[in-house]
Amino acid sequence: MAASPLVTVMINAARKAARAITRDFGEVVNLQVSQKGPADFVTRADRKAEDVVREELSKARPQWGFLLEEAGEIKGKDGQHVWVVDPIDGTTNFIHGIPHFAISIGLTRNGEPVAGVVYNPITDELFAAERGGGAYLNDRRIRVAARRDIHDAVIACGMPHRGRGDHVEFRAELAQVQAKASGLRRAGTASLDLAWVAAGRLDGYWERGLKPWDICAGIVLVREAGGFARDIDGAADVLATGNILAGNELISAQLGDCLKAAKV
Ligand code: IPD
Ligand code: CA
């Protein structure tokens, strides 16, 4: 992939943060067996990685703002561009020594997602996309899967757990999708779920209650891979609602119908 200067900045920031994250992940795997567990350590790893990403991005584009999972909102002088960053998406996987997490760096221009990088440092898979430029996995162009019928589809989801989301609503939605899809997955990292839809590994994905930093980069990946990423209930701004549905045109429509049927 001949990455644009903008995407190159994002890739460099992700790769730089990845070095520390990969070291810390090795440490977490050791801490696993201790009574106290790795939670505090992980919070520090998260902050450290976020600082690295922020520093790299600010160096390249000093006027642009930030929306960061840890540090929150930082207004930029330019007012148009905002970096939307999750330093470790999939924290629960990270804490449990499960090698499925990612650094997610998105960019919005006037509130619209326009570029995204999602990097799993353990598998060294780097997904990147910029509006109008296509989506890539490392050097290879990626496209959403071409399956036409949800009966043949593998659909991923996010499950609300203790203290999060509406469990009754989720079970109703799951029952509908379960009856139609050929396989279901819950991998625990929203940015990678979207990246995997973009790469055609998953045919569809839905989850409610996400934050902008979980989905901003992934939305650009799916759209640039020829897919749809939108609000489940048809709201205009999926970044704001955090209720996302993704897939190719046909699968996303059929998945949307399933989720609608769960409401009645
Ligand atoms: C979480 C992951 C997970 C999703 C959660 C998110 P975090 O992000 O993306 O897949 O189901 O809702 O909060 O907390 O691990 O950065
Ligand atoms: Ca996240």
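This text goes with the structure placed above it.
S.K.: Help me understand the sheet that holds strand 13 (residues 244-247), please; the structure alone is not making it clear to me.
M.R.: Strands belonging to one sheet form pairs held by backbone hydrogen bonds; the direction of such a pair is parallel or antiparallel. Judged by pairing direction, the sheet is mixed, and its five strands sit side by side in the order 10-9-11-13-12 without closing on themselves. This sheet does not close on itself; its edge strands, each paired only once, are strand 10 (183-185) and strand 12 (228-231). The mean inter-strand angle of the sheet, taken between neighbouring strand axes irrespective of direction, is 15°. Most of the contacts of helix 4 (residues 167-178) go to strand 11 (residues 204-207), to which it runs at about 165°, and overall it touches strand 9 (154-157), strand 10 and strand 11. Strands in contact with helix 5 (residues 190-198) are strand 9, strand 11 and strand 13; relative to strand 11, the strand with the most contacts, it is inclined by about 155°.

S.K.: Would you explain the coordination of the calcium ion (ligand 2) in this entry?
M.R.: The protein atoms donating to the calcium ion (ligand 2) are D86 (OD), D89 (OD) and D214 (OD), with metal-donor distances spanning 2.1 to 2.4 Å. Of note, the donors binding the calcium ion (ligand 2) are all from one chain and are spaced D-x2-D-x124-D. Of the two residues, D86 sits in strand 3 (residues 81-89) while D214 sits in helix 6 (residues 212-224), which places them 128 residues apart along the sequence. D86 gets classed as buried once you look at its relative accessible area, which sits at 1%.

S.K.: Would you mind showing me how to read the packing of aromatic side chains here?
M.R.: One pair of aromatic rings is described through two measures. These are the centre distance and the angle between the planes. This structure, assessed with the given rule, holds five aromatic pairs. Between F170 and W206, the ring centres sit 6.1 Å apart and the planes meet at 20°, which makes this aromatic pair stacked. Of this pair, F170 sits in helix 4 while W206 sits in strand 11; the two residues are 36 residues apart in sequence, bridging distant segments of the chain. Overall, the relative accessible area of 1% leaves W206 in the buried class. These aromatic residues form a ring-pair network of at least three members: F25, F94 and F101.

S.K.: Even after reading the chapter, I still don't get helix 8 (residues 249-261), so can you show me in this structure?
M.R.: In an α-helix, one turn spans 3.6 residues; hence positions three or four apart end up facing the same way. For helix 8, which comprises 13 residues, the first-to-last C-alpha distance of 19 Å matches the rise-based estimate of 18 Å (1.5 Å per residue) to within 8%. By the burial criterion, the buried members of helix 8 are I251, S252, L255, G256, C258 and L259. Each buried residue of helix 8 sits inside an arc of 160° when the element is viewed along its axis, so together they form one side. What points out from helix 8, more than 90 degrees from its buried face, is the exposed set E249 and K260. The backbone nitrogen of L250 lies 3.0 Å from a side-chain oxygen of the residue at the head of helix 8, namely N248.

S.K.: Please explain the environment of A145 as it appears in this structure.
M.R.: With respect to the element layout, A145 can be found in the loop between strand 8 (140-142) and strand 9. Along the primary structure A145 and L202 are separated by 57 residues, whereas in three dimensions their C-alpha atoms are 7.4 Å apart. Once residues within four sequence positions are removed from consideration, A145 is found in contact with V197, G200, D203 and N248.

S.K.: Can you help me understand the pattern of salt bridges in this one?
M.R.: A side chain with one charge may pair with a side chain of the opposite charge, provided their charged atoms come close. What the rule picks out here adds up to 12 salt bridges. Here E169 and R208 are joined by a salt bridge, their closest N and O atoms 3.6 Å apart. With E169 in helix 4 and R208 in the loop between strand 11 and helix 6, this pair connects stretches of sequence that are 39 residues apart. Classification of E169 as partly exposed rests on a relative accessible area of 26%. For R208, the salt bridge is made with D233, and the minimal N-O distance between the two is 2.9 Å. Note that R208 is positioned in the loop between strand 11 and helix 6 and D233 in the loop between strand 12 and helix 7 (238-241), a separation of 25 residues in sequence.

Conventions used here
- Residues numbered from 1 in each chain as written.
- Chains lettered and ligands numbered in written order.
- Predicted model: local features only at pLDDT ≥ 70, side-chain atom pairs only at ≥ 80, totals over all residues.
- Heavy atoms only, no water.
- Pairing = 2+ DSSP bridges.
- Helix = DSSP H or I, 4+ residues; strand = E, 2+ residues; numbered from the N terminus.
- Axes fitted to C-alpha atoms, helices over the stretch in contact; angles between N-to-C directions.
- Contact = heavy atoms within 4.5 Å.
- Donors = N, O, S within 2.8 Å, 3.2 Å for Na, K, Ca; no water.
- Buried < 20%, exposed > 50% of the residue type's maximum accessible area, 1.4 Å probe, protein only.
- Phe/Tyr/Trp six-rings, centres within 6.5 Å; stacked < 30°, edge-to-face > 60°.
- Expected span 1.5 Å × (residues − 1).
- Arc of directions from axis to C-beta.
- Polar contact = N/O pair within 3.5 Å; in protein donor to acceptor, adjacent residues only side chain to side chain.
- Salt bridge = Lys/Arg side-chain N within 4 Å of Asp/Glu carboxyl O.

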